[in-house]
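# Chain and residue survey
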Amino acid sequence: MEAAREAAEFADEPDQHTHDQNLVHDSSVDHKGKLPLRASTGVWRSSLFIIAIEFSERLSYFGISTSLIIYLTKAMHEDLKTAATNVNYWTGVTTLMPLLGGFLADAYLGRYSTVILSTVVYLLGLSLMTLSTLVPRLKACGSEICNKPRKVHEVLFFTAIYFISVGTGGHKPSLESFGADQFDDNHPDERKQKMSFFNWWNSGLCAGIILGVTLIVYVEDHMGWGIAGVILTSIMALSLAVFLFGSSVYRYRVPLGSPLTPLLQVAVAAFRNRNLPYPPHSSHLYEVQTADRFQARLLSHTKKLKFLDKAAIIEEGGNSDGKQGPWRLATVTRVEELKLILNMIPIWIVSLPFAIVVAQSSTFFVKQCVIMDRKIGSSFIMPASSMFCLAALGMIIFVVIYDRLLVPFLRKTTGNERGITILQRIGIGMVFSFTTMIVAAVVERKRVGLVKNDPTGGSAGAMSVFWLAPQFIIIGIGDAFALVGLQEYFYDQVPDSMRSLGIAFYLSVSGAANFVSSWLITIVDNITRKSGGQSWFGEDLNTSRLDNFYFLLALIVAVDLCVYVILARRYTYKSVQKTTVGACSDADAPDTSSAV
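Report follows, based on the coordinates. The structure displayed is predicted, hence computed values, not measured ones.

### What to know about the overall build of the protein chain
When its secondary structure is counted, the protein chain shows 19 helices and four strands. Evaluated residue by residue, the protein chain yields a buried proportion of 57% over its 596 residues. For the protein chain, long-range pairs separated by at least 24 residues make up 80% of all intrachain contacts whose partners lie at least 6 apart in sequence. Of the accessible surface of the protein chain, which amounts to about 24,300 Å², a share of 65% is contributed by carbon and sulfur atoms.

Here it is in structure tokens:
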């Protein structure tokens, strides 16, 4: 490979164009720190290694998370409300930690190194969890029956799962953005493959989810959490070896320091220049062409958040080439990067209700499965958490349908390279989340009615767990639209230097939603309890009114969806200049890979 590169470098001038076509000019480098060869690095040959380790991580995470509420109530004897709150807090921390991990990856460590380091921390967490559930003296209870777990078990178990949170915090944002980095946005074929990457990425992680909520959950139920921990630790260690094996074919992005500093410089410069008059045309705003091959792409000027344009106004008598520093004068690209982040805040907020609905699938949905008839055939009893695989199957099936059937058809119909815009895709997913809550509420109301009519038998004998199948499948289809769309949105629409942080922003939606879900449960519990009636969250599901809670969530999603439509219609997507120029003009043609 090196010989071929050297030969290309010393080729005659007519071969220079071919030489440039063979190399990737997207600010990435190969494992030797040189420009990557297109034929031997990146795209699917490298992303498959990356998807493999994501499969392992999702296998571990969902093998733990979907059964966690059951473990906390049965093994550690927590009541339903406390267990649900603990699960939501743990999930919230797990999905907010990527903000720190993504920042470190973008600014200092690099995505590849962050993946390796966080996987080691993840392995440590799995090992501690295995010890706390396998070693007799560290288990929740000894051979005798107990009503309260040993303190040493509580400390070790919660330490272990929060180590897993920290590991996930570096793993998730770095790995997904690292996988997307394997495709060159400036190459037409690779750009289209990148659009499919997020679909197949989610298919791979859903495969891990399915095995996690079936095989791993079965082992947890029938052989114990200790044996399941041994399996998960071994698979994670193997996947790390597979990831390292692909190092020679990856494309790497060099960290350039804190991506937040330039954004702060824009804000300061805009404030300092607040009294300067606007130039007659945006082409008079400051922009530079850089020779640094690691520099992000130049962005076209947009008319929204115009007050920030003050940062790019050249003061009369000032010298833009050096006398005015970055805290006084910013380029149009830097200004537009700050606009991108500010434009994301409303979308982030209105995405929360969808994520709150998703949070119910790993807590209350699973707990419902426990008290319903799970018998298949004459003797086999399905683990309650295994119902979650229906959501993963729904997502996999519809992602394939969307990628292979709908997108080609929609491309011809709409003329959009993606088929539909990213925000349209997210909005469709929100509609499915509303439908999920309506269906879940109706089914739960029927189950509560059976319990009321037959308190001794209740729903455990009269109502099959497969009554819950529609709500799991519908939320899976909603994930295929909204979750994949959110991943693509937060990767694509952030500045190029912040793509790990972009994935962290996406993950933080779920993290914040879990905290909001916990707060909402507490608020509703207090209100319904103080109103003189029965709390919607009793000691168990049979004394609770989850159907009312689900209807409340449906109402919240419906109102939120109306707000979302207004914001989406007014949203301006990232517009990348096809050709870099010394000054920015509104007439510059945007790169269709982003401006959709």
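### Points about the packing of aromatic side chains
Taken as a whole, this structure holds 40 aromatic pairs when the rule is applied. Measuring from centroid to centroid gives 4.6 Å for Y71 and W225, while their planes differ by 45°, and the two rings are tilted. With Y71 in helix α3 (residues 43-74) and W225 in helix α9 (residues 225-245), the pair connects residues that are 154 residues apart, well separated along the chain. For Y71, a relative accessible area of 10% gives the class buried. Pairing F365 with Y550 gives two aromatic rings, centres 5.7 Å apart and planes at 90°, and the pair type is edge-to-face. Separated by 185 residues along the polypeptide, F365 in helix α13 (residues 364-370) and Y550 in helix α19 (residues 546-570) bring together distant segments of the chain.

### Some words on empty space enclosed by the protein
Evaluated as defined, the whole model comprises four cavities of 30 Å³ or more. R58, F62, V358, L483 and S510 are the residues nearest the centre of the largest cavity, which is lined by 32 residues in total. Contributions of two or more residues to the lining of the largest cavity are made by α3, α4 (80-96), α7 (151-180), α8 (188-222), α12 (352-360), α14 (389-414), α17 (469-492) and α18 (499-530). Classifying every residue of the lining of the largest cavity by side-chain character gives 18 nonpolar, 11 polar and three charged. Its boundaries defined by the atoms lining it, the second largest cavity holds a volume of some 90 Å³. The wall of the second largest cavity is formed by L299, S300, T302, K304, E336, K339, L340, N343, T572, Y573, K574 and S575. No fewer than three residues from each of domain 2 (259-317 + 324-335) and domain 3 (339-575) sit in the lining of the second largest cavity.

### Remarks on the layout of surface pockets
By volume, the second largest pocket is sized at about 450 Å³. Secondary structure elements with two or more residues in the lining of the second largest pocket: α3 and α8. For the lining of the second largest pocket, the element with the highest residue contribution is α3, accounting for four residues. Formed jointly, the lining of the second largest pocket draws a minimum of three residues from each of two domains, domain 1 (24-257) and domain 3 (339-575).

### Remarks on the packing of helix α5 (residues 98-109) against helix α6 (residues 111-134)
Where α5 meets α6, the closest approach of the two axes is 8 Å, and the angle between their N-to-C directions is 135°. Comparing the axis directions of α5 and α6 gives the class oblique. Considering the relative orientation of α5 and α6, their crossing is right-handed. Contact with α5, carried on its side by G101, A105, D106 and L109, involves R111, S113, T114 and L117 of α6 and no other residues of that element. Considering only residue class, the contact of α5 with α6 consists of three nonpolar, three polar and two charged.

### Looking at the pattern of salt bridges
According to the stated counting rule, one finds 26 salt bridges in the structure shown. For the salt bridge of D184 with R38, the shortest nitrogen-to-oxygen distance reads 3.3 Å. Of this pair, D184 sits in the loop between α7 and α8 while R38 sits in the loop between β1 (28-29) and α3; the two residues are 146 residues apart in sequence, bridging distant segments of the chain. For D184, a relative accessible area of 3% gives the class buried. Across the pair R334 and E337 runs a salt bridge, and its minimum N-O distance is 3.1 Å. Of this pair, R334 and E337 both sit in helix α11 (residues 332-350), three residues apart, which is roughly one turn of that helix. By sharing partners, the salt bridges in this structure join D185, K194, D496, R499 and K574 into a single network.

### Topic: the nonpolar core
One finds F157, F243, M387, F472, Y489 and Y550 to be the most contacted residues of the largest nonpolar core, which totals 147 residues. With 13 residues, the top contributor of residues to this core is α3. For F243, the contacting residues outside a window of four places in its chain are I50, I53, Y112, V115, I116, L175, F178 and Y250. Membership of the second largest hydrophobic core comes to six residues, among which are Y402, L410, I477 and F481.

### Quick notes on a nonpolar patch on the surface
There is a patch of nonpolar side chains on the surface, built from L131, L134, V135, M223, I227, V230 and I231 and spanning about 520 Å² of accessible area. Those elements that provide at least two residues to the nonpolar patch are α6 and α9. At three residues, α9 tops the list of elements feeding residues into the nonpolar patch. In this fold, I231 is placed in helix α9. Overall, I231 belongs to the partly exposed group, its relative accessible area being 30%.

### Thoughts on the environment of L68
Relative to the helices and strands, L68 is located in helix α3. For L68, a relative accessible area of 1% gives the class buried. Spatially, the C-alpha atoms of L68 and A84 are 9.2 Å apart, while their sequence positions differ by 16 residues.

Thresholds applied
- Residues numbered from 1 in each chain as written.
- Predicted model: local features only at pLDDT ≥ 70, side-chain atom pairs only at ≥ 80, totals over all residues.
- Heavy atoms only, no water.
- Helix = DSSP H or I, 4+ residues; strand = E, 2+ residues; numbered from the N terminus.
- Buried < 20%, exposed > 50% of the residue type's maximum accessible area, 1.4 Å probe, protein only.
- Contact = heavy atoms within 4.5 Å.
- Areas by Shrake-Rupley, 256 points an atom, 1.4 Å probe, with all protein chains shown as cover.
- Phe/Tyr/Trp six-rings, centres within 6.5 Å; stacked < 30°, edge-to-face > 60°.
- 1 Å grid on protein atoms, 1.4 Å probe; cavity = no way out; pocket = protein on both sides within 12 Å on 5 of 7 lines; lining within 4 Å.
- Points joined across faces, edges and corners; volume = space filled by probe spheres on them.
- Nonpolar A, V, L, I, M, F, W, Y, C, P; charged D, E, K, R; others polar.
- Domains from an automatic or database assignment.
- Axes fitted to C-alpha atoms, helices over the stretch in contact; angles between N-to-C directions.
- Parallel < 35°, antiparallel > 145°, perpendicular 65-115°, else oblique.
- Left-handed = near helix turned anticlockwise from the far one by under 90°.
- Salt bridge = Lys/Arg side-chain N within 4 Å of Asp/Glu carboxyl O.
- Core = buried A, V, L, I, M, F, W, Y, C linked by side-chain atoms within 4.5 Å.
- Patch = residues over 30% accessible without salt bridge, like charges linked within 9 Å, V, L, I, M, F, W, Y side chains within 5 Å.

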